[in-house]
Amino acid sequence: MKHLTYLLFLCPFLVSCGPTSNIITSKAEAEKRGIYRSPQNKSVAKTTPTRNASTKPTSRNVTAKKNTTGSTNSKINDRNADDYETSGDNASYVVKQLINAAEANLGVGYRTGGTNPNTGFDCSGLMFSTFQKFDITLPRSSNDMSKVGRKLDDDEIQKGDLIFFKTNGRSVINHVGMVTEVTDDEIKFIHSSTQKGVIISSTKEPYYGRTYAQANRIIVNL
């Protein structure tokens, strides 16, 4: 009887120690669980009207910079084959899964040219491999990534958008992350840093507030 009483007392603790993670780290796993189905319209090239060049006022701790390259080859503000088009509900779900997939790599070390958790990631490698899990193929470099999708005003930035920085003291974008949280005065983003590997940082940190360049949307709501 004493043994039975002990087991009944112990059961709740054994149950509470079981795995509780709901993170899904790949499209295949989501499909296997029956909670994800690939949208039908993923790569449709269409022209989207360019937004007004002026930037709306915002209280977020970032500084918007205009695109002054004048390049006629830029894919900014145009629908193109690199955009991922889906419905509103599916877009919200895909964004959550993109963030989950990226956050599954928190703590992985930095490696130049790295694209997998076994050897490490560089900043663009983390974004490239994360989006690739959902059959979204991005350019390989952060500078090239900044030329696809739609460039956003500061007050448009949402979870799942790519956020870009110029951390080398020059005018060329050389760092990228993915937005994980947005408040009135702060943007948090996941990225692979050279010093700490895959971490979540904030635009409230002086370094990133100072070097912020722009944000682009790759997931397009129809």
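Structure's up top.
Looking at this structure, how should I read unusual backbone geometry?
Phi is mostly negative for residues that are not glycine, and the peptide bonds are mostly trans. The phi dihedral of Asp135 is positive, around 60 degrees, even though this residue is not glycine. Within the secondary structure, Asp135 sits in the loop between helix H4 (123-132) and helix H5 (142-145).

It is not clear to me how the sheet that holds strand S6 (residues 175-182) should be interpreted in this structure. Could you clarify?
Pairing between the strands of a sheet is mediated by backbone hydrogen bonds and can be parallel or antiparallel. With respect to topology, six strands assemble into an open sheet ordered S4-S9-S5-S6-S7-S8, the strand pairing being antiparallel. In the strand order of this sheet, the two ends are held by strand S4 (150-151) and strand S8 (197-202), each with one partner. In the sheet, strand S7 (residues 187-193) pairs with S8 via six bridges, with the strands oriented antiparallel. From the neighbouring strand, Ile190 faces S8, where its bridge partner is Ile200. Running at roughly 60 degrees to S6, H4 makes contact with strand S5 (162-165), S6, S7 and S8 of the sheet.

What am I meant to see in the side chain of His191 here?
Topologically, His191 is positioned in strand S7. His191 gets classed as buried once you look at its relative accessible area, which sits at 0%. A distance of 2.7 Å separates a polar atom in the side chain of His191 from a polar atom in the side chain of Ser201. His191 has contacts with Leu126, His175, Val176, Gly177, Gly197, Val198, Ile199, Ser201 and Tyr208, leaving out every residue within four places of it along the chain.

How should I be thinking about the pairing of strand S9 (residues 212-217) in this particular structure?
The two faces of a sheet get side chains in turn, since along a regular strand they alternate between them. Within S9, six of the six residues are buried, which leaves it mostly tucked inside the rest of the structure. Bridge count between S4 and S9: two bridges; the pairing is antiparallel. Each bridged residue has a counterpart across the sheet, and for Lys151 the counterpart in S9 is Asn216. Two elements, S5 and S9, share four bridges in a ladder whose sense is antiparallel. Bridging from a neighbouring strand, Leu162 pairs with Asn216 of S9.

How do you make sense of H4 when you look at a structure like this?
Along an α-helix, residues three or four apart share an orientation, since each turn contains 3.6 residues. Across the 10 residues that make up H4, a large majority, eight, are buried. For H4, the full list of buried residues reads Cys123, Ser124, Gly125, Leu126, Met127, Ser129, Thr130 and Phe131.

Please clarify how the side chain of Asp161 should be interpreted in this entry.
Looking at the secondary structure, you find Asp161 in the loop between S4 and S5. Here Asp161 falls in the buried class, since its relative accessible area comes to 2%. Reaching out from Asp161, the side chain makes a polar contact with the backbone nitrogen of Gln158 at a distance of 2.7 Å. If sequence neighbours within four positions are ignored, Asp161 has contacts with Leu152, Glu156, Gly177, Met178, Val179, Asn216 and Arg217.

Rules of the game
Residue positions within a chain follow its written sequence, with the count starting from 1. In keeping with the model being predicted, local features are shown solely for residues with a pLDDT of at least 70 and side-chain atom pairs are shown and tallied solely at 80 or more, while totals for entire chains, interfaces and linings include all residues. Calculation of side-chain values draws on the structure's entire complement of heavy atoms; hydrogens and water are dropped beforehand. Secondary structure counts use DSSP, requiring at least four H or I residues in a row for a helix and at least two E residues in a row for a strand, with both numbered from the N terminus. A pair of strands is labelled paired if DSSP reports no fewer than 2 bridges between them. Between two residues, a contact is recorded if the distance between any of their heavy atoms is within 4.5 Å. The angle between two axes is taken between their N-to-C directions and runs from 0 to 180 degrees, where each axis is a line fitted to C-alpha atoms and a helix contributes only its stretch in contact. Buried means the residue's accessible area, taken with a 1.4 Å probe over protein chains only, is under 20% of the maximum for its type, while exposed means over 50%, and partly exposed covers the values in between. N or O atoms within 3.5 Å of each other form a polar contact, as long as, within protein, one can give a hydrogen and the other can take it, and as long as residues adjacent in sequence are counted only when both atoms are side-chain atoms.

The quantities given are spatial measurements derived from coordinates; they are silent on function.
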